[in-house]
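These are the residues of each chain, in order.
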Amino acid sequence: MPKRSRIEDPETQALIEAGTQSVEWVREEFAQVDLADKRLNRRLVKTAEHLAQSPLSPINEACGNWASTQAAYRLFDNARASPHAILAPHVQETTKRMAGCGGTVLVMQDTVFFSYGKHPNTRGLGPIGKSNKAHDQGLIMHNALAFTTTGVPLGILSQTVWARRAVPEGESRQEKIERLRCTAIEEKESAKWLVALTETTARAPAGVAVVTVADRESDFFEFLTQAQDLRASYLIRARTDRTLVPEDSEGCDHMLEALLLAPPLGSLTVAVPGNGGRRARTATIAVRVASVTIKPPRRRGPAHVSAASEPVTLTVIGATETAPPAGSEAISWVLLTNLAVLDFESAAEKIAWYGKRWGIETWHKVLKSGCQVEDCLLETAERLKRYLTLFSIIGVRLMHVAHLARVQPHTPAAAVFSGEEIEALYVRVHNMRPPHAPISLREAVRLVGRLGGHLGRKGDGEPGMTVLWRGWMRLSETVIALRAGRQAGLIDSG
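Along each chain, numbering runs from 1 in the same order as the chain's sequence is written. Reporting in this predicted model follows two pLDDT cut-offs: at least 70 for local features of residues, and 80 or more for side-chain atom pairs to be given and counted; totals over whole chains, interfaces and linings ignore these cut-offs and use all residues. Water and hydrogen atoms were dropped before computing side-chain values, which therefore reflect all heavy atoms in the structure.

So, the overall build of the protein
Here is step 1 of the chain: Counting from the N terminus, the helices are DSSP H or I runs at least four residues long and the strands are E runs at least two residues long. The helix and strand tally for the protein stands at 17 helices and ten strands.
Here is step 2 of the chain: A total of 494 residues make up the protein; the buried ones form 51% of that total.
Here is step 3 of the chain: Here the protein displays about 23,500 Å² of accessible surface, and carbon together with sulfur accounts for 51% of that area. Any residue under 20% of the maximum accessible area for its type is buried, any over 50% is exposed, and the rest in between are partly exposed; the area is computed with a 1.4 Å probe on protein chains only. Note on areas: these come from Shrake-Rupley sampling with a 1.4 Å probe, and a residue is covered only by the protein chains present in the view.

As structure tokens, this is what we get:
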């Protein structure tokens with residue numbers, strides 16, 4: 001195994017060790033895998049190596065020959081290689097990285113939909129849209145993905161993949177609302193948030209401060225009460241203006257009223273990215289904080305039996321743009337948390353943490369656009385679940401190095417890349433051997449981006465995830481070619 005430089009700062013070293021990107025990271029990540037068969041364990045590692053080296057390729061192309069391709073297909077068809085068993089060693093390594101990162105860990109929860117409607121012969125899928133039609137068929141995945149507070153991904157703590165039941169035919173929107181009101185939370189799809197919260201709490205290493213961060217879909221009362229029971233910290237975006245206990249909420253009846261009456265603690269200047277119809281701009285955000293006690297909602301039927309009856313006390317953080325440009329919608333976040341928020345600096349920290357939530361959406365983009373997992377033709381939902389689990393782990397690894405290069409740009413590239421990989425980068429991009437002086441991690445990642453089509457001009461910024469995927473594949477191909485050339489005596493081994 002090629003040696004890598006070691007650096008002194010323990011937090012950075014922990015992140016570096018998590019970022020190893022050459023083939024040996026696969027062996028390290030899956031060292032503790034237990035599929036109840038040593039041969040199956042080896043097959044998983046070998047298949048992961050093939051797919052990690054060629055993430056844009058279909059299985060047969062990535063595996064390189066018919067024997068390896070057949071072995072991969074048998075792996076994905078083997079019940080002992082369950083998604084849980086494939087993920088388990090990665091979860092163990094993730095907890096080690098969490099313990100070593102030296103600070104608060106943000107665990108982002110979110111859901112992603114994978115469409116396989118263009119593969120009508122695939123069995124066991126379910127609707128991912130509003131109909132049961134073939135083009136709306138696919139799988140749903142809910143994840144809890146750990147990040148440092150600077151946005152470096154550490155790994156998956158919880159993952160569930162399933163096919164949704166058929167959509168009731170002819171049901172109106174109001175009928176659907178009434179049905180869900182009477183359904184116990186354990187029977188709803190919303191239970192995914194509770195499962196991930198429970199698994200996050202159980203798997204987090206002792207002594208590490210963990211905060212679950214999630215969007216508006218997680219804002220339901222049972223999530224708040226479960227977090228309270230588990231003593232789990234959370235930071236989520238509010239979906240509704242909740243009814244309060246006035247005597248415990250400064251006399252206010254509703255949450256937004258309490259927030260409006262709270263004095264501004266200060267203001268933040270934030271960059272608002274452009275998105276099609278919106279121009280990029282900077283915005284001045286007024287920050288307010290209020291402590292409130294929320295009344296439990298009314299439930300009916302079976303939902304009433306299992307519903308919590310006690311109110312929940314929490315802190316509301318408001319971040320609202322004070323003077324949006326004419327014709328532009330004001331930026332406004334209302335966040336709910338059970339963390340202590342004592343002053344402006346503390347509130348600003350929580351707002352910044354919520355702003356890191358985009359990291360899990362980027363990871364979803366890596367899986368869809370980078371790995372192109374929706375093109376897979378494994379014909380059954382069970383095989384696809386195993387395939388998606390394996391690629392989820394591969395996707396985390398690439399994101400880790402890309403983000404590490406941004407937060408620790410001056411780290412030596414040799415701490416993450418092998419000497420063989422650095423040599424391959426220079427040969428492929430510059431048609432020359434690497435310099436004697438060590439290069440930085442940022443420079444190496446930008447070279448990977450060049451392989452993927454990133455031009456590297458001053459105004460181009462850092463290479464994106466899709467470009468890096470292409471670059472990794474081409475880097476792997478170049479390493480293999482150089483290695484083969486040396487073994488054949490065509491290239492000087494020196």
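Now that the structure has been shown, the text picks up again.
Notes on unusual backbone geometry
Here is step 1 of the chain: Positive phi is not limited to glycine here, since R231 has a value of about 55°.
Here is step 2 of the chain: By the secondary structure assignment, R231 is in the loop between α9 (221-230) and β6 (233-237).
Here is step 3 of the chain: What makes R231 exposed here is its relative accessible area of 79%.
Here is step 4 of the chain: The backbone of N431 sits at a positive phi, close to 55°, despite the residue not being glycine.

Side note on the pattern of salt bridges
Here is step 1 of the chain: In what follows, salt bridge is the name for a side-chain nitrogen of Lys or Arg lying within 4 Å of a carboxyl oxygen of Asp or Glu. This structure, assessed with the given rule, holds 20 salt bridges.
Here is step 2 of the chain: With a shortest N-O distance of 2.7 Å, R164 and E189 are connected by a salt bridge. Placement of the pair is R164 in the loop between β4 (153-162) and α7 (173-181) and E189 in the loop between α7 and α8 (191-203), with a sequence separation of 25 residues.
Here is step 3 of the chain: Between E321 and R281 there is a salt bridge; the shortest N-O distance is 2.6 Å. Of the two residues, E321 sits in strand β9 (residues 312-321) while R281 sits in strand β8 (residues 281-294), which places them 40 residues apart along the sequence.
Here is step 4 of the chain: One continuous salt-bridge network, built from bridges that share partners, spans R27, K46 and E49.

Notes on helix α5 (residues 66-76)
Here is step 1 of the chain: Those residues of α5 that fall on the buried side of the exposure criterion are S68, T69, A71, A72, L75 and F76. Axial view of α5: buried residues confined to an arc of 160°, hence all on one face. Turned more than 90 degrees away from the buried face of α5 sit W66 and A67, all of them exposed.
Here is step 2 of the chain: A 3.5 Å cut-off defines polar contacts: any pair of N or O atoms within that distance qualifies, except that in protein one atom must be a possible hydrogen donor and the other a possible acceptor, and neighbouring residues in sequence count only when both atoms are side-chain atoms. For α5, the N-terminal cap is N65; the gap from its side-chain oxygen to the backbone nitrogen of A67 is 3.2 Å. Think of the arc as the fan of directions from the helix axis to the C-beta atoms.

A closer look at the packing of helix α16 (residues 441-451) against helix α17 (residues 465-487)
Pairs of packed helices are described in terms of their axes, by the angle between the two and the distance that separates them.
Here is step 1 of the chain: Note on method: axes are straight lines fitted to C-alpha atoms, helices fitted across the in-contact stretch only, with angles between N-to-C directions ranging 0 to 180 degrees. Taken N-terminus to C-terminus, the directions of α16 and α17 make an angle of 90°; their axes are 7 Å apart at the nearest point. Classified by the interaxial angle, the pair formed by α16 and α17 is roughly perpendicular. Along its contact with α16, which presents V445, V448, G449 and L451, the element α17 presents V467, L468, G471, W472, R474 and L475.
Here is step 2 of the chain: Tallied by class, residues from the contact of α16 with α17 come to seven nonpolar, two polar and one charged. We call two directions roughly parallel when the angle between them is under 35 degrees, roughly antiparallel when it is over 145, roughly perpendicular when it lies between 65 and 115, and oblique otherwise. The contact criterion used is simple: two residues touch if any of their non-hydrogen atoms lie within 4.5 Å. Any residue outside Ala, Val, Leu, Ile, Met, Phe, Trp, Tyr, Cys, Pro, Asp, Glu, Lys and Arg is labelled polar, Gly included; the first ten of those are nonpolar and the last four are charged.

Quick look at the packing of aromatic side chains
Here is step 1 of the chain: By convention, a stacked pair of Phe, Tyr or Trp rings (six-membered ring in the case of Trp) has centres within 6.5 Å and planes under 30 degrees apart, an edge-to-face pair has planes over 60 apart, and any other such pair is tilted. This model, assessed by the stated rule, comprises five aromatic pairs.
Here is step 2 of the chain: Pairing F76 with Y387 gives two aromatic rings, centres 5.7 Å apart and planes at 75°, and the pair type is edge-to-face. In this pair, F76 is assigned in helix α5 and Y387 in helix α14 (residues 381-407), connecting sequence segments 311 residues apart. Both residues of the pair, F76 and Y387, count as buried.
Here is step 3 of the chain: Among the aromatic residues, ring-to-ring pairing joins F76, Y387 and F391 into one connected group.
Here is step 4 of the chain: Note on criteria: charge over ring means Lys NZ or Arg CZ within 6 Å of the ring centre, with the direction from the centre no more than 35 degrees off the ring normal. Directly above the aromatic system of W353 lies the positively charged group of K350, at a separation of 5.2 Å from the ring centroid.

Focus on the nonpolar core
Here is step 1 of the chain: Residue types Ala, Val, Leu, Ile, Met, Phe, Trp, Tyr and Cys, when buried and joined through side-chain atoms within 4.5 Å, form a set referred to as a nonpolar core. Counting 112 residues, the largest nonpolar core has F30, F76, F417 and L475 as its most contacted members.
Here is step 2 of the chain: With 15 residues, the single largest contributor to this core is α14.
Here is step 3 of the chain: Within the second largest apolar cluster, 28 residues are counted, among which are L197, F221, A232 and L259.

Considering the side chain of E93
Here is step 1 of the chain: Among the secondary structure elements, E93 is positioned in helix α6 (residues 83-100).
Here is step 2 of the chain: Of the residues examined, E93 reaches a relative accessible area of 16% and is grouped as buried.
Here is step 3 of the chain: Filtering out sequence-adjacent residues up to four positions away, E93 remains in contact with E28 and E29.

Considerations on helix α13 (residues 358-370)
Here is step 1 of the chain: In this analysis, the expected span of each helix is defined as 1.5 Å times one less than the number of residues it contains. Between its first and last C-alpha atoms α13 spans 17 Å; for 13 residues at 1.5 Å apiece the expected length is 18 Å, and the two agree.
Here is step 2 of the chain: Following α13 by one or two positions, Q372 has its phi on the positive side, about 55°.

Looking at the environment of T200
Here is step 1 of the chain: For T200, the location among the structural elements is in helix α8.
Here is step 2 of the chain: For T200 and L157, which are 43 residues apart along the polypeptide, the C-alpha to C-alpha distance reads 5.8 Å.
Here is step 3 of the chain: Leave out the neighbours within four places in its chain, and T200 touches V107, A144, L157, V210 and T212.
Here is step 4 of the chain: A polar side-chain atom of T200 sits 2.7 Å from the main-chain carbonyl oxygen of A196.

Things to note about the pairing of strand β5 (residues 210-214)
Here is step 1 of the chain: The element β5 is largely enclosed, with a buried count of five among its five residues.
Here is step 2 of the chain: Across the two faces of β5 the burial is the same, with V210, T212 and A214 and V211 and V213 all buried.
Here is step 3 of the chain: Two elements, strand β1 (residues 105-115) and β5, share four bridges in a ladder whose sense is parallel. For V107, the partnering residue across the bridge sits in β5 and is T212.
Here is step 4 of the chain: Two strands make a pair as long as DSSP finds a minimum of two bridges between them. Judged from the four bridges that link them, β5 and β6 form a sheet pairing that is parallel. By the bridge assignment, V211 is partnered in β6 with S233.
Here is step 5 of the chain: Note on handedness: a crossover is taken as right-handed if, strands pointing away from the viewer, the path from the first strand over the helix to the second is clockwise. A crossover links β5 with its parallel partner β6, the connecting element being α9, and its sense is right-handed.

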